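Breakdown of the fold
Take a look at the letters that make up each chain.
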Amino acid sequence: MINVIGLGYIGLPTALMMASHGIEVIGTDFNQELVATLNAGKTTFKEDGLDTLFVDAVKAGIKFTTKYQVTDTYIISVPTPYDKFSKKVDACYVISAVEDVLKVCPKGAVIVIESTVSPGTIEKYIRPVIEEKGFVIGLDIHIVHAPERIIPGNMVYELLHNNRTIGADDKDVGEKVKELYASYCQGEIVVTDIKTAEMTKVVENTFRAVNIAFANELAKICRHDNMDVYEIIRICNMHPRVDILKPGPGVGGHCISVDPWFLVGDYPSLAKVIDESMKTNDAMPAFVLHRIYDIMKERGIKDLSRVGLYGLTYKENVDDMRESPTLQLLESQEKHLGYPLKVYDPFVTEDKVKNQYHNLDNFLYDIDFVVIMVGHDEIRQNMEKLAGKIVLDTRHICDGECYYL
């Protein structure tokens, strides 16, 4: 039996996938409301294919509880935020979960940490916790790191098809954990040491962050001299060894916007390109805000209340708002002007910010200037409703006349 600790964006899909593939699973989370929702037969966030997977897992016998179980294998999938000042990973949730596991686990148990951590985190924080409790690592407790590699919006598919990395002290233990994931994972599963597994996950997201920063910096350069960054990128990408991404309003979520900071925090004198790239990405919401002001001045708009932001989530077709560029923009705008812009997102059904709308037509009726922050399918399929509006398209999805970054 597997006890999955933490039933959020990563832990829940992992638990459901394992259960639906014949593994006995009990999911544990300290959030009583979340557990109650799951036990009532409802998922806790929107994700393509998740509801179907949930039904399959329930039929297979998955259970949800707030209590840690006595078993031989634990998978820890709790959040790993970072300290915004030091840029270092905050491992407090992982440490707490490990401590709670140690209260109930039998000797010989395997603790698999799926949470993304910076290189050396397990060595620095997790091993000491286990040893202080009197356990001998490698005999009483086995530590494994199996970082997740999925993205909201495509979680179910990527759980099945993405390659995986298993980091373990003992290769035999690593191979056993590999067999566990191979029960459903159709991708290649590599077994390596723990620190390498820690590093590869962070490096993957850092690579993407640096590439996004390059595109965003190009957008700023082109804006400065009134060049079309999208046309320039299109032509450059015709070269067989060039693949430049599109610029955007910023980077959100809990991977690309967070993980690279782990390297900056741990290697401040070495991670110079990464540091500058993250600063570039973090500055994009403010850049969008300045574009809004410039367009308002150009078009003679003086009433900020007639400006609206389309999209609150950090990417299209999900309800995940973590580190959302729109939230960052709103925070900056309200701090300087005090009056929040109007906002609408079809995936955010509860009020999360001021002046939030829950109907596209009502939102568009009350504004003259719409800023597309997220390229949800809804707006792509309703472009005709933007007729007569001033549009700033930060995602480059408009076919008609509009402003871009």
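Up top is the structure these notes are about.
Residues numbered from 1 in each chain as written. Predicted model: local features only at pLDDT ≥ 70, side-chain atom pairs only at ≥ 80, totals over all residues. Heavy atoms only, no water.

1. Quick word on the overall build of the protein
Short version of the rule: The helix count covers DSSP runs of H or I at least four residues long, the strand count covers runs of E at least two residues long, and both are numbered beginning at the N terminus. When we talk radius of gyration, it's over C-alpha atoms, and the globule rule is simply 2.2 Å times the number of residues to the 0.38. A 1.4 Å probe rolled over the protein chains alone gives each residue an accessible area, and that area as a share of the maximum for its type sets the label: buried under 20%, exposed over 50%, partly exposed in between. Residues count as neighbours in contact if any of their non-hydrogen atoms are within 4.5 Å of one another. None of His or the chain ends enter the tally, which takes Lys and Arg as positive and Asp and Glu as negative. Charged side chains are reduced to one point each, which is NZ for Lys, CZ for Arg, CG for Asp and CD for Glu.
When its secondary structure is counted, the protein shows 15 helices and 14 strands. Taking 2.2 N^0.38 as the reference for a compact globule, 405 residues should give roughly 22 Å; the C-alpha atoms of the protein span a radius of gyration of 23 Å, in line with that estimate. When the 405 residues of the protein are sorted by exposure, 53% land in the buried category. Taking the intrachain contacts of the protein between residues at least 6 apart in sequence as the baseline, contacts between residues at least 24 apart amount to 68%. A distance of 3 Å separates the average location of the 43 positive side-chain charges in the protein from that of its 59 negative side-chain charges.

2. Description of the pattern of salt bridges
The condition is simple: Throughout this description, the term salt bridge denotes a Lys or Arg side-chain nitrogen within 4 Å of a carboxyl oxygen of Asp or Glu.
With the rule as written, the count across this model stands at 14 salt bridges. Of the charged contacts in the structure, one is a salt bridge between Asp-169 and Arg-127, with a shortest N-O distance of 2.7 Å. You can see Asp-169 sitting in the loop between β7 (164-168) and α7 (171-181) and its partner Arg-127 sitting in helix α5 (residues 121-132), a full 42 residues away along the chain. A relative accessible area of 46% places Asp-169 in the partly exposed class. Within this structure, Glu-123, Arg-127 and Asp-169 form a network of salt bridges that share partners.

3. Side note on the side chain of Asp-319
Just so we agree on the cut-off: In the analysis that follows, any N or O atom pair within 3.5 Å is treated as a polar contact, provided that within protein one partner can donate a hydrogen and the other can accept it, and provided that, for residues neighboring in sequence, both atoms belong to side chains.
One can find Asp-319 in the loop between β9 (307-310) and α13 (325-337). Of the side chains with opposite charge, Lys-46 lies nearest to the buried Asp-319, which makes no salt bridge, at 5.8 Å. Of the polar contacts made by the side chain of Asp-319, one reaches the backbone nitrogen of Lys-46; its length is 3.0 Å. Discounting residues that sit within four places of it in the chain, Asp-319 has contacts with Tyr-9, Phe-45, Lys-46, Thr-313 and Phe-347.

4. Digging into the sheet that holds strand β14 (residues 403-404)
To keep it simple, the criterion reads: Only strands that DSSP links by at least two bridges are regarded as paired with each other.
Taking strand neighbours across the sheet as the criterion, the six strands line up as β11-β10-β9-β12-β13-β14 in an open arrangement whose pairing is parallel. The open sheet has two edge strands, β11 (356-357) and β14, and neither has a second partner. Pairing geometry for β9 and strand β10 (residues 342-344), over three bridges, is parallel. Following the sheet pairing, Leu-309 is matched in β10 by Val-343.

5. Points about the nonpolar core
To be explicit about the condition: Working definition of a nonpolar core: buried Ala, Val, Leu, Ile, Met, Phe, Trp, Tyr and Cys residues. They are joined through side-chain atoms within 4.5 Å.
Grouped together as the largest cluster of nonpolar side chains are 41 residues, with contacts concentrated most on Leu-16, Met-18, Val-25, Phe-64 and Tyr-181. Looking at this core, the elements with two or more residues in it are β1 (2-5), α1 (11-20), α2 (32-39), α3 (50-60), β5 (109-113), α6 (155-161), β7 and α7. Excluding residues that lie within four positions of it along the chain, Val-25 makes contacts with Ile-2, Val-4, Ala-15, Met-18, Ala-19, Gly-61, Ile-62 and Lys-63.

6. Observations concerning the sheet that holds β5
This is how the line gets drawn: Interaxial angles span 0 to 180 degrees and are taken between N-to-C directions of axes, which are lines fitted to C-alpha atoms, for helices over the stretch in contact.
In space, the eight strands of this open sheet follow the order β3-β2-β1-β4-β5-β6-β7-β8, with mixed pairing throughout. Sheet topology places β3 (63-65) and β8 (189-192) at the edges, where each strand pairs with a single neighbour. Averaged over all neighbouring strand pairs, the angle between strand axes comes to 25°, with direction disregarded. Looking at chain direction, β5 and strand β6 (residues 141-145) are connected through five bridges and run parallel. Paired with Val-110 across the bridge in β6 is His-142. The strands touched by α5 within the sheet are β5 and β6, with β6 carrying the most contacts at an inclination of about 160°.

7. Things to note about helix α10 (residues 259-266)
In terms of residue burial, α10 counts as a mostly covered element, since seven of its eight residues are buried. By the burial criterion, the buried members of α10 are Asp-259, Pro-260, Trp-261, Phe-262, Leu-263, Val-264 and Gly-265. Looking at the buried positions of α10, the neighbouring elements they touch are α8 (194-224) and α11 (272-282).

8. What to know about the packing of aromatic side chains
Formally: A pair of aromatic rings is counted whenever rings of Phe, Tyr or Trp (Trp by its six-membered ring) have centres within 6.5 Å, and the orientation is called stacked for planes under 30 degrees apart, edge-to-face for over 60 and tilted otherwise.
According to the stated counting rule, one finds seven aromatic pairs in the structure shown. With a centroid separation of 5.9 Å and 65° between ring planes, the pair formed by Tyr-357 and Phe-363 is classed as edge-to-face. Through pairs of rings, three or more aromatic residues link up here, namely Tyr-310, Tyr-344, Tyr-357 and Phe-363.

9. Some remarks on the side chain of Asp-29
Here Asp-29 is to be found in the loop between β2 (25-28) and α2. Buried Asp-29, no salt bridge; nearest opposite-charge side chain is Arg-322, N-O distance 11 Å. Within polar-contact distance, the side chain of Asp-29 engages the backbone nitrogen of Leu-7 at 2.8 Å. Reaching out from Asp-29, the side chain makes a polar contact with the backbone nitrogen of Asn-31 at a distance of 2.9 Å. If we ignore the near neighbours within four places in the chain, the residues touching Asp-29 are Gly-6, Leu-7, Gly-8, Leu-34, Val-35, Thr-65 and Thr-66.

10. Focus: the pairing of strand β12 (residues 369-372)
Across the two faces of β12 the burial is the same, with Phe-369 and Val-371 and Val-370 and Ile-372 all buried. Two elements, β9 and β12, share four bridges in a ladder whose sense is parallel. Note that in β12 the partner of Tyr-310 across the bridge is Ile-372. As defined by bridge partners, β12 adjoins strand β13 (residues 390-393) across four bridges and the pair is classed as parallel. If you follow Ile-372 over to β13, its bridge partner there is Asp-393.

All we've got here are geometric facts, nothing functional implied.
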